[in-house]
Amino acid sequence: MTAAAPAMNAQIERWQRFRSSRNTALASPHGWLTLTSFQWLQPPPSALALAPGLWSTDGTESTKATKATLTARAADGLTLVETGEPVDGTITAILQDEESLMWVQYGGVDGTDVVVELAMRADKYAIRTRDDSSPVLKEFDGVPTFDYNPDWVITGRFEGYPEPVEVPIGTANPLVDGVHRSVGEIVFRVPGLPHEVRLHAEEEKLGALNVTFHDETNGNTTDEWRKLAIPRPRPDGSVVIDFNRAINYPSAFTPYGTCPMPVAGNSIDVAVEAGEKLPAGRII
């Protein structure tokens, strides 16, 4: 056994632990694999699919929404997620753009099978139903991945901007625009490319970064785009970019996500055969 073998085995074991945690998180109750609808709220109180009660908003096509309203009877079986209190009458909620609230629940023996999430997107209110009986969750057996490949663990550098730059982007929902808050660029080289790759990065907790990117596997073995978390840059600006940890957005599993697309130009002009592949059993 060579000296490099134990180190490689340790890398693979860390990756396998990462994969196990990732699959466990995806399979959590009322998680991303349980989404069964995305519906915009309208000014007139209206019935919606998969959610009891009458739902409305004070926003219109020409005005921003400020409040969402739900009117229900005790017989509808809705209770507040936070307190378990039955909804019998009219309740309201106010969210800021991009915020979400696990608002009410119903169904099943204990009345908690389906959670109705209230979301504010593009200055409009919508609901998403999260059903633990979703076939996507029931049939989930882990996300398929490429085999671990140490060649896709790359050292690069982070070039930060003096101030964050807000870049308009699209999302998985064509009716929702997004904003990428770029704090700088991840710069690295990939074998087979004559030029450096530059990807806009956003900042996460404790100085970590994430990038959303296209590559030549998209639409074939992988979804249309993926994302990758990158540990906090070292004092000299260097970063370790492990594409074996590239993951899918929720929109890869369900059409009910509003996940951000990559910034224009966040593309790698080779096939990044590392990380997560297209999910099995996805909803189209």
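Caption draft 1: Seen up close, the packing of aromatic side chains. Going through the model one piece at a time under the given rule, you end up with six aromatic pairs. A ring pair is formed by phenylalanine 188 and phenylalanine 243, whose centres lie 5.8 Å apart and whose planes are at 55°; its orientation type is tilted. Placement of phenylalanine 188 in strand β11 (residues 178-188) and of phenylalanine 243 in the loop between β15 (238-242) and β16 (267-268) is noted, with a sequence separation of 55 residues between them. A single burial state applies to phenylalanine 188 and to phenylalanine 243, both of which are buried. Consider the rings of phenylalanine 213 and phenylalanine 243, whose centres lie 5.5 Å apart with planes at 85°: the pair is edge-to-face. Of this pair, phenylalanine 213 sits in strand β13 (residues 209-215) while phenylalanine 243 is found in the loop between β15 and β16, placing the two residues 30 residues apart along the sequence. For phenylalanine 243, a relative accessible area of 0% corresponds to the buried category. Counting every residue linked through ring pairs, the aromatic cluster contains Trp152, Phe188, Phe213 and Phe243. Note that lysine 124 overlies the ring of tryptophan 40, its terminal NZ or CZ placed 4.3 Å from the centroid.

Caption draft 2: Representation of the environment of leucine 193. With respect to the element layout, leucine 193 can be found in the loop between β11 and β12 (197-203). For leucine 193, a relative accessible area of 13% puts it in the buried group. With 77 residues separating them along the chain, leucine 193 and valine 270 place their C-alpha atoms 7.7 Å apart. The contacts of leucine 193, once residues within four sequence positions are left out, are Asp269 and Val270.

Caption draft 3: Just the pattern of salt bridges, in detail. For the structure on display, the rule yields 12 salt bridges. Note that arginine 157 is salt-bridged to glutamate 196, the shortest N-O span being 3.0 Å. Residue arginine 157 is located in strand β10 (residues 153-169), and its partner glutamate 196 is located in the loop between β11 and β12; the two are separated by 39 residues in the primary sequence. Judged by relative accessible area, which is 31%, arginine 157 ranks as partly exposed. The closest approach of N and O atoms between arginine 198 and glutamate 159, which form a salt bridge, is 2.9 Å. Highlighted residues: arginine 198 in strand β12 and glutamate 159 in strand β10, separated in sequence by 39 residues. A single salt-bridge network, built from bridges that share partners, covers Arg157, Glu159, Glu185, Glu196 and Arg198.

Caption draft 4: Seen up close, the nonpolar core. Ranked by internal contacts, the top residues of the largest apolar core, which has 23 residues, are Ile186, Phe188, Val190, Phe243 and Ile268. Counting only elements with at least two residues in this core, the list comes to β11, β12, β13, β14 (226-230) and β15. Ala72, Leu80, Val87 and Leu95 belong to the second largest nonpolar core, which has 22 residues in total.

Caption draft 5: The arrangement of unusual backbone geometry in detail. Look at leucine 50: it is not a glycine, yet its phi comes out positive at around 70°. Tracing the backbone through its elements, the reader meets leucine 50 in the loop between β2 (46-48) and β3 (51-57). Non-glycine residue aspartate 123 carries a positive phi angle of around 65°. Position of aspartate 123 relative to the elements: it lies in the loop between β8 (114-121) and β9 (124-131).

Caption draft 6: View of the sheet that holds strand β6 (residues 89-93). Sheet architecture is open: four strands sit in the order β2-β3-β4-β6, paired in antiparallel fashion. Edge positions in the open sheet fall to β2 and β6, since each of these has one partner strand only. On average, each strand axis in the sheet is tilted by 35° relative to the strand beside it, whichever way the strands run. Bridge count for strand β4 (residues 68-72) against β6 is five bridges, and the pairing is antiparallel. Across the sheet, the residue bridging to threonine 69 is threonine 92, located in β6.

Cut-offs applied
- Residues numbered from 1 in each chain as written.
- Predicted model: local features only at pLDDT ≥ 70, side-chain atom pairs only at ≥ 80, totals over all residues.
- Heavy atoms only, no water.
- Phe/Tyr/Trp six-rings, centres within 6.5 Å; stacked < 30°, edge-to-face > 60°.
- Helix = DSSP H or I, 4+ residues; strand = E, 2+ residues; numbered from the N terminus.
- Buried < 20%, exposed > 50% of the residue type's maximum accessible area, 1.4 Å probe, protein only.
- Lys NZ or Arg CZ within 6 Å of the ring centre and 35° of its normal.
- Contact = heavy atoms within 4.5 Å.
- Salt bridge = Lys/Arg side-chain N within 4 Å of Asp/Glu carboxyl O.
- Core = buried A, V, L, I, M, F, W, Y, C linked by side-chain atoms within 4.5 Å.
- Pairing = 2+ DSSP bridges.
- Axes fitted to C-alpha atoms, helices over the stretch in contact; angles between N-to-C directions.

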